[in-house]
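Read off the chains here:
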Amino acid sequence: MQVRKIILKNFIKPGVQTYIFDKYQKLVAGKFYDIKQLQVIKNLLAGKWDEESLSFNKYYPNFRKKIPNMDLQIDALIGFTDEELLDFNKLILPICGKIQKSNNWFYTIKCVYPFLFPIVKLTPADHKLDQSFIIGSHYDKFNKPNASKSELLTVVALNAINLIREKYYEYINYEVKAEELAEHKHYLEILHSIFTNQDDFIEKVKQVFNNIDDGDVIRFGDEKEFFLRSKPMVDFINKYELFKTNAYIAENFKSLLAETLFIDVEWVFATKTASNAIEMRKVIWENYGYRCIPTKDIMKLMKFNFQTDRVISKAIKQIEFKDSKSNPILWTNRHRNINFFAKDYTNPGLPKVDLKVDQNLYNVNRRSASIALKKWEKIATNKAIFYYVLMGEILIFNHKNLLKV
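Everything quoted here is computed from the prediction, not taken from an experiment.

How each quantity is defined
Residues numbered from 1 in each chain as written. Predicted model: local features only at pLDDT ≥ 70, side-chain atom pairs only at ≥ 80, totals over all residues. Heavy atoms only, no water. Helix = DSSP H or I, 4+ residues; strand = E, 2+ residues; numbered from the N terminus. Buried < 20%, exposed > 50% of the residue type's maximum accessible area, 1.4 Å probe, protein only. pLDDT = per-residue confidence, 0-100. Contact = heavy atoms within 4.5 Å. Lys, Arg positive; Asp, Glu negative; His and termini not counted. Salt bridge = Lys/Arg side-chain N within 4 Å of Asp/Glu carboxyl O. Polar contact = N/O pair within 3.5 Å; in protein donor to acceptor, adjacent residues only side chain to side chain. Axes fitted to C-alpha atoms, helices over the stretch in contact; angles between N-to-C directions. Parallel < 35°, antiparallel > 145°, perpendicular 65-115°, else oblique. Left-handed = near helix turned anticlockwise from the far one by under 90°. Nonpolar A, V, L, I, M, F, W, Y, C, P; charged D, E, K, R; others polar. 1 Å grid on protein atoms, 1.4 Å probe; cavity = no way out; pocket = protein on both sides within 12 Å on 5 of 7 lines; lining within 4 Å. Points joined across faces, edges and corners; volume = space filled by probe spheres on them.

1. A few points about unusual backbone geometry
Going from Y113 to P114, the amide bond is cis rather than trans, its omega being 5 degrees. Here P114 shows up in the loop between β5 (104-111) and β6 (119-124). Phi is positive for N10, close to 55 degrees, though the residue is something other than glycine. Positionally, N10 belongs in strand β1 (residues 2-11). The class for N10 is buried, based on a relative accessible area of 4%. Positive phi, close to 65 degrees, is recorded for Q25, a residue that is not glycine. Turning to its location among the elements, Q25 is positioned in the loop between β2 (13-21) and β3 (27-31).

Shown next as structure tokens:
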């Protein structure tokens, strides 16, 4: 199997990257940020994506704000030999009942924002009447009847994570006063940790709801206050000092959980299936509802031999991603690297605030920022005056002592 061309969109860094190969599978042209990523891409195309089927967050740019196209996509134009096409038809004939004629196919791995859940698809490039297919069995969790409690909670939590990602970018743009910035940054850190440490968040959700009676969930689950009054949920929220000291942020977080998590729990517990209740399912089936090929079967054919050498021709130039200094789209100063859902989590305190830097990254009220900066400058000036006076006294004291000697 040959790869003719690979196009990346928002893969690790924003923008479009391309790799072009000749018939010997040697890289001959392209426009990309880092040649080292080519091995990662090769692994994903060869089936590694199936190990990351819950989320592609690790391959997603660390966006500071939303841009017009937030989807992550890998497109590869691949070519079957006649023998490989014959093997492909043996595989898909029982699925669609039709021989496919195309030797060339578009092999796509796409995550539709805010859901960083990979949808893998094969689309014919030669014959329009050929059938398109989606690949994988990882979609089943969104439509599985009589699913276990653990499976249901995984899907509900995963759906909430992706919806919270959208809210995170919305909250970044909230206007805050300078004196509230530290708490605002801390809240964003917690939300950011939800989708960067999603496995631990999912386990935390399971832990909370496993301690709430299923029958009570079905009877009272349409009431937001039912969940918020339950001891497991109270203990979970009170674990974070920020929610105990800032009532406004605490209420916002509770409302966020109600919008993204509670709303689905009662339904899926009653129906024992994640179908219809989950927004993610609509993305998959309404937009990509084609015949599905099992992962293991198709991956036996997906054997790629394109070169991933780190030494590239002088004719091929790596490009550099240049972000705006005044209005960056990526985080230059990341949130503190804290997993707020780890078993050994301890309260880290509020993050530091540097208004001269932060007022360009957050929507800080200009008047409050100006007042705060003047106040801090005055404090800094007074400290400096005190320091110089103190040092002067020390020098005079030492000078007198030297004279005595």
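2. Some thoughts on the confidence of the model for the protein
On average, the protein scores 84 in pLDDT, and the residues at 70 or more come to 84%. Averaged over each element, pLDDT in the protein is lowest for helix α14 (residues 366-404) (47) and highest for strand β4 (residues 72-79) (97). Confidence drops under pLDDT 50 across residues 383-405; counting only partners more than four residues distant or on other chains, this segment forms zero contacts.

3. Let's talk about the side chain of R165
On the secondary structure map, R165 appears in helix α3 (residues 149-172). Of the side chains with opposite charge, E166 comes closest to the buried, unpaired R165, at an N-O distance of 7.9 Å. For R165, the side chain forms a polar contact with the main-chain oxygen of P114, separated by 3.2 Å. Aside from chain neighbours lying at most four places away, what touches R165 is N57, Y113, P114, L116 and F195.

4. Section: the packing of α3 against helix α4 (residues 181-196)
Axis separation between α3 and α4 bottoms out at 9 Å; the angle between their running directions is 155 degrees. For the element pair α3 / α4, the angle class is roughly antiparallel. Two packed elements cross with a definite hand, and for α3 against α4 that hand is left-handed. Contacts between α3 and α4 involve I161, I164, R165, Y168, Y171 and I172 from the former and H184, Y187, L188, L191, H192, I194 and F195 from the latter. Class assignment for the residues of the contact of α3 with α4 results in 10 nonpolar, two polar and one charged.

5. Digging into empty space enclosed by the protein
Taken as a whole, this structure holds one cavity of 30 Å³ or more when the rule is applied. Estimated volume of the largest cavity: approximately 60 Å³. Going through the elements one at a time, α5 (198-210), α8 (231-238) and α10 (247-271) are the ones with two or more residues in the lining of the largest cavity. When residues in the lining of the largest cavity are grouped by element, the largest group, five residues, is from α5. Residue classes in the lining of the largest cavity are distributed as eight nonpolar, no polar and one charged.

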